[in-house]
Amino acid sequence: MASNRLAPEAPFAPDRHDTETFGYGGRRADEGPWEEWNPTAESTRPARGRHRVAKQRGGGLARSSTVLGVGVIAAVGAGGMASANSSKPPVSISLPDLPSVGSLFDDASEDSDAPEGSATALSSVGVATTGTEQGTSDAGEVLRNRIMAQAEQQQAQLEAKALADAEAAAVKKAEEAAAKAQQEAEAKAAAEKKKAEEEAARKAEEARLAELARQYTLPTSSYTVTSSFGQAGAMWSSGYHTGLDFAAPTGTLIKAVHSGTITEAGWAGSYGYRTILTLDDGTELWFCHQSSISVNVGQKVSTGDVIGRVGATGNVTGPHLHFEVHPDGQAGGVDPMAWLRGKGLNP
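As the structure is a computational prediction, the values presented were derived from the model and not from experiment.

Examining the pattern of salt bridges
Item 1. On inspection of all chains with the given rule, the structure shows six salt bridges.
Item 2. Between Glu205 and Arg208 there is a salt bridge, with the nearest N and O atoms lying 2.4 Å from each other. Here Glu205 and its partner Arg208 are both found in helix α3 (residues 127-215), three residues apart, which amounts to about one turn of the helix.
Item 3. Overall, the relative accessible area of 34% leaves Glu205 in the partly exposed class.
Item 4. Among the residues examined, Arg208 registers a relative accessible area of 38% and is labelled partly exposed.
Item 5. Each member of the salt-bridge network shares a partner with another, and the members are Glu199, Arg202 and Glu206.

This is the structure:
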């Protein structure tokens, strides 16, 4: 390679200084003076892809390195702050690995193998941001897990409450059904008991009436009831009928309804021939309009004994037995039909 021609000597002007160099406003003592340097073939030979740069004395190169380092640090800090403050996902800053600033101005021999780059690549600037992101993600996951756990707990509580309410409703329904069934059973039992009591009372009354029927009898047979008690009419002196009429042929037997004593036997005006039988309880039984009398006063008779015969004596329209009942011998009588039925008889 041919040697380069010598460059003309640069004029030296110490009283002039570029105030904008490296951003300083005034001339510094450590800047210059510049040393004259004539490039030669040997000094301009390329060294493994790197270019040689001008060599300065004093603090100029050091200051240049400082400025470059400050710029890199400022860039890194700005990128980290932007990544930390941004709401968007952080983006790692990847810069090419540059050789150390000092290696550009190394005075070592061109044959020495200098490191290709700095000990720490600038591409690791995003490590702090990644750590922050990982921490935020972990905190978010913890919060999410806590919220999910609370939601599951609340859901479990709601399900437990619903189950408890359903069980309580079922218990209440069962209790109401049991109470209703008990009431129905009690009502049924009460109805059955009442029915049984009524049946027992009916049977007892039937037995009593049957017993009375054996003690009492109807006053005659082969009859027809023609006039009832209380029937109104002009043919009766009181204005109404005071007894019960059994129409029957003349001569039909008249029997004692119950045991007692004959207290009257003879003619009684409008009643014709009349016999009065007084029972042990004081009740008087009147047998009127007889054709004949078969007993005497003071005679004791039993149920079914013949005391006379049917006739048409007195105030009558035809042969019949006029029968009256006077409790305790009182003048006003009672309905003979009801009285006979009370003794188990059905005229």
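Next comes the rest of the write-up.
Quick look at the pairing of strand β5 (residues 273-279)
Item 1. Taken across its seven residues, β5 has six buried, putting it largely inside the fold.
Item 2. The pairing of strand β4 (residues 260-267) with β5 spans seven bridges and is classified as antiparallel. Paired with Glu264 across the two strands is Ile276, which belongs to β5.
Item 3. What sits between the antiparallel neighbours β4 and β5 is a turn of five residues, in which Gly269 has the positive phi angle 70°.
Item 4. When β5 meets strand β6 (residues 284-293), the two strands line up antiparallel, connected through five bridges. Counted as the bridge partner of Tyr273 is Gln290 from β6.

Here's the deal with the pairing of strand β2 (residues 244-247)
Item 1. Bridging between strand β1 (residues 224-227) and β2 involves three bridges; their strand directions are antiparallel. Across the sheet, Thr224 pairs through a bridge with Ala247, a residue of β2.
Item 2. Both β2 and strand β9 (residues 320-326) contribute to a ladder of four bridges, which runs antiparallel. Its bridge partner being in β9, Ala247 is matched across the sheet by His320.

Conventions and cut-offs
Residues numbered from 1 in each chain as written. Predicted model: local features only at pLDDT ≥ 70, side-chain atom pairs only at ≥ 80, totals over all residues. Heavy atoms only, no water. Salt bridge = Lys/Arg side-chain N within 4 Å of Asp/Glu carboxyl O. Helix = DSSP H or I, 4+ residues; strand = E, 2+ residues; numbered from the N terminus. Buried < 20%, exposed > 50% of the residue type's maximum accessible area, 1.4 Å probe, protein only. Pairing = 2+ DSSP bridges.

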